[in-house]
Structure formats: C-alpha cells, structure tokens
Amino acid sequence: MENTKRKMIQFLLSNANPSIKKRIKSEILNHLTEEENKEYQVQILNEPNVRRCLACQLDNGWFGYGFHGTNKNAGQFENQETCTKYLGEKAVDPSNPALKRSMDAFVSLPLDDLCYRTKGKYFDEFQYAANGQNLIRCACIARAGYADIIDITPQIQLSLDSFQRVLEVDSILDVSRSIRSSKYRVFHDYEKWPCRYHLDILAHTDTWKNRQNCAMLAEAVKKIMAKDRPELVGLTAASWVGHVLGTLGCFPSQGFGITLPGASTSANGKTEYYDFEYIEWLARCGVVPYIPVLQDAVADIEKSVDGNGICQLPVLEEKFKGWGPYAGLQLETDWKSKTRKACDITFRALLILHYAEQN
C-alpha cells in the first residue's frame, strides 16, 4: 500500500489545488512549513466558493440566512452548516477571523434563535433520537476543527451511546412505535439510535478513540449492515414532536451500505458506486480492521489506482459536487478538466487508504 500511496501523493502534489496539497502535507505527511501554510491560505481564500462563503457572513458571525441547507434566501454556499463544513474541508485555518466568528456565533446564539430556522423551537438531541439542531451544530464544530476549543463532549458521548444502543436491542422496533395506522414509525422519547450526524461527529473527533470504543462501533455498524431479516432492511423511524419530523439521516435497522445507486444502465438494475464519504468516515473511526466488507472496499480502492497514482473508480458526481447537509466532497474549483476531477477522487481515495492503515 505504501508504494500506491506514494504515487497518489506525487500525483496530487503536482496537480491538485492548494487545499488538497495543504491537507496532504499536514494530515498525511505531517510536514507543513509555516511558509507553505501562509502561501496556501492566500490561495485558498481567493477561491470562488470560499469567497462566496465569506461574503455572506452576517454581523453576528452567522453565514448567510440559512442553517441546515438552502432556502429561498440562502444558496448552496450561503448557509451556516455548509459554509462551516466546507471551510473546514478546504483547510481554511481555524484561526481565520471569519471562521472564528462563525464558531463564536455557535457559542453565543441560543439554540432556539431564529438563525437555526426551527421557528424558535429547540429540539433536544437527547430527547429525540437522531435529531436536533445541536447535533448539526456539533458536527459543524467538529468539521471546522474546533472540537478542542468548543466543548462537544456530551454529543460525542451521545454519538457513541447511539451506536451502543443498536447492540442493546434486537432492532429499531424496540426503540420506536407505529402511528397513523402504521404509516409511520417514530422513536420513543429519550431513546437513542445512530444517524449520519453521529457518525460525522465521531469521524472528526479523536478523544473517544480507543480499542474498546472502536470495536463496539464496528459491531454496531456490522449489525446495521446485515440483511438477514428482510422486514428490517431499510426500516427507519422519524421523530414525534407533536407532528412527524424527519431525522438527520437515521440509519436503518438493517441494510446500511457503503455503495450508492447510480443511473439505470440496463434492464437488470442500476450501477452502484462506492460511497467515498461513509467509507472515509468509517476509516477515520478505526473500524476497517473489524469489518470485512470495508476491508474489501479499501482493497478495491487500492487496486483501482493506476501507475500514475490516479484512482480510476467511477463516482456518483452528485455526492461529490452536492455540497450541503447530506453530501459534499469536491475540493477542486470545478470538474471542467479530467485532471481536477481525478484529483478530487484520488484525494478521497488517499484519505481512505491512509486512515484504514492507521488503526
């Protein structure tokens, strides 16, 4: 694997944009000089989408007029969640004044503030499984590199406990109930169940990581990946807050996967692509050694790297380009050239190989 990674790094350092180069040197090679960092920062801050994020910041530090995604007043890079996560992924320094002000807003503004776009309502993440604006807030803090500055310890523990709950019960049926003639299932109050945001928080923090927690997380992931009980495959639940409220990407009782369906290619079904985001997050969490299907995916990714260090696996473009609450991997300014597209895909493949090897 080391030879493959070396070729990938050579390709990326020769062709990729400043964000990828900085992250390789700081995150993988652990050798980023102060002079290099300053130069990269100037280049990163001049990129169009970064400038778009910074330009929409309000006086109170909030980015744009949205929080969890777009709305009529907030475009793709004009809302707090996307901007804070994007700037973190783009390797904008945590000390950057604009990023710091956005984090200060997370500290100073109450969770029922209208900025959170919940009409002044606070949805307690401990009361409502796989839900709550504070869960989103904490994922943003983690992704921006501020988990050591702003305390999100309770939400890190909640994330662990939510995966642990999978192992304590038979299925999601035990932590939820049916309503409206079984049209919906909703979680019991003060129950726990894992979702996308719990995994995001764990993937981008380190304080929880030890052999016991990683092994527990792996067992929970294996259980929700299983498909031996058809009635549980794809089965999820929502929240009941006086009405049905969708969760933050609640994981199914069974059938959680690391592939994404693509466009139909034949009468026999659809093409499937690896979900680079979830594989990267799971690798960061240290569970690859415990889960054979993840080991196979990592091996496939390594085998797909050609002699020039380029990952040749096809990807679902919407997952890379669709920056928002449930997608976003592209760091290059655009994919108008094959090289820029290759850099984005190869960088995510490199991160997967790197973190899979760390644990």
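Here, every reference points to the structure presented above.
One numbering rule holds for all chains: residues counted from 1, following each sequence as written. Only residues with pLDDT of 70 or above have their local features reported here, since the model is predicted, and side-chain atom pairs are shown and tallied only from 80 upward, although totals for entire chains, interfaces and linings are computed over all residues. Water and hydrogen atoms were dropped before computing side-chain values, which therefore reflect all heavy atoms in the structure.

> Where do I start with the overall build of the protein in this structure?
By definition, any uninterrupted DSSP run of H or I lasting at least four residues is a helix, any uninterrupted run of E lasting at least two residues is a strand, and each is numbered from the N terminus. Along the protein, the regular secondary structure elements total 14 helices and 6 strands. Here the globule rule reads 2.2 Å times residues to the power 0.38, and the radius of gyration is calculated from C-alpha atoms. For 359 residues, the compact-globule estimate of 2.2 N^0.38 gives 21 Å, and the protein sits close to it at 20 Å. Along the three orthogonal principal directions, the C-alpha set of the protein runs to about 60 × 50 × 45 Å. Going through the 359 residues of the protein one by one, you find that 56% of them count as buried. Here the contacts in the protein between residues at least 6 apart in sequence split such that 66% fall between residues at least 24 apart. Computing the positive centroid from 43 side-chain charges and the negative centroid from 44, the protein places the two 4 Å apart. For every residue, the accessible area (1.4 Å probe, protein chains only) is compared with the maximum for its type, and the residue is labelled buried under 20%, exposed over 50%, or partly exposed between those bounds. The criterion used for residue contact is that any of the two residues' heavy atoms lie within 4.5 Å. In this tally Asp and Glu are treated as negative and Lys and Arg as positive; neither His nor the chain ends contributes. Think of each charge as sitting on NZ of Lys, CZ of Arg, CG of Asp or CD of Glu.

> Can you walk me through the packing of helix α1 (residues 2–15) against helix α14 (residues 338–358) in this structure?
Any two packed helices are characterised by how steeply their axes cross, that is the angle between the axes, and by the distance between the axes. Throughout, an axis means a line fitted to C-alpha atoms (over the contacting stretch in the case of helices), and angles, computed between N-to-C directions, take values from 0 to 180 degrees. Between α1 and α14, the shortest axis-to-axis distance is 10 Å and the interhelical angle comes to 145°. The interaxial crossing formed by α1 with α14 has left-handed handedness. Along the contact surface, α1 presents Glu2, Thr4, Lys5, Met8, Ile9, Phe11, Leu12 and Asn15, while α14 presents Thr339, Ala342, Cys343, Thr346, Phe347, Ala349, Leu350, Leu353, His354 and Glu357. Amino acids outside the nonpolar list (Ala, Val, Leu, Ile, Met, Phe, Trp, Tyr, Cys, Pro) and the charged list (Asp, Glu, Lys, Arg) are all regarded as polar, and Gly is one of them. Of the residues in the contact of α1 with α14, the class split is 10 nonpolar, 5 polar and 3 charged. What makes a crossing left-handed is the near helix being turned counterclockwise from the far one by less than a right angle; a clockwise turn instead makes it right-handed.

> What is the right way to read the pattern of salt bridges from this model?
Side-chain pairs of opposite charge can arise where the charged atoms are in close proximity. Only one rule defines a salt bridge in this text: a Lys or Arg side-chain nitrogen within 4 Å of an Asp or Glu carboxyl oxygen. Applying the stated rule across the entire model yields 28 salt bridges. Lysine 25 is the partner of glutamate 36 in a salt bridge, and the nearest nitrogen-oxygen pair spans 2.7 Å. Of the two residues, glutamate 36 sits in helix α3 (residues 34–45) while lysine 25 sits in helix α2 (residues 18–28), which places them 11 residues apart along the sequence. For glutamate 36, a relative accessible area of 21% corresponds to the partly exposed category. We note a salt bridge from glutamate 89 to arginine 143, for which the minimum N-O separation is 3.2 Å. Here glutamate 89, found in helix α5 (residues 80–89), pairs with arginine 143, found in helix α7 (residues 133–143); they are 54 residues apart in sequence, far enough to count as distant.

> Explain helix α11 (residues 276–284) to me, please; I cannot follow it from the model alone.
An α-helical segment advances 3.6 residues per turn. Residues three or four places apart therefore align on the same side. The buried fraction of α11 is high, at 9 of 9 residues. Those residues of α11 lying buried are Phe276, Glu277, Tyr278, Ile279, Glu280, Trp281, Leu282, Ala283 and Arg284. Two residues or fewer after α11 comes glycine 286, characterised by a positive phi angle close to 80°.

> For this particular structure, what's the right way to read empty space enclosed by the protein?
Over the atoms rolls a probe the size of a water molecule, and in doing so it shows where empty space is left. Put plainly, a pocket is an open set of points on a 1 Å grid over the protein atoms alone with protein on both sides within 12 Å along at least five of seven lines, a cavity is a set where a 1.4 Å probe fits but cannot get out, and a lining residue has an atom within 4 Å of a point. Grid points are joined across faces, edges and corners, and a volume is the space filled by probe spheres set on the points. Evaluation of the coordinates by the stated rule reveals 1 cavity of 30 Å³ or more. Space inside the largest cavity adds up to approximately 30 Å³. Lys85, Arg143, Arg196, Glu277, Trp323, Gly324, Pro325, Ala327 and Gly328 are the residues that line the largest cavity.

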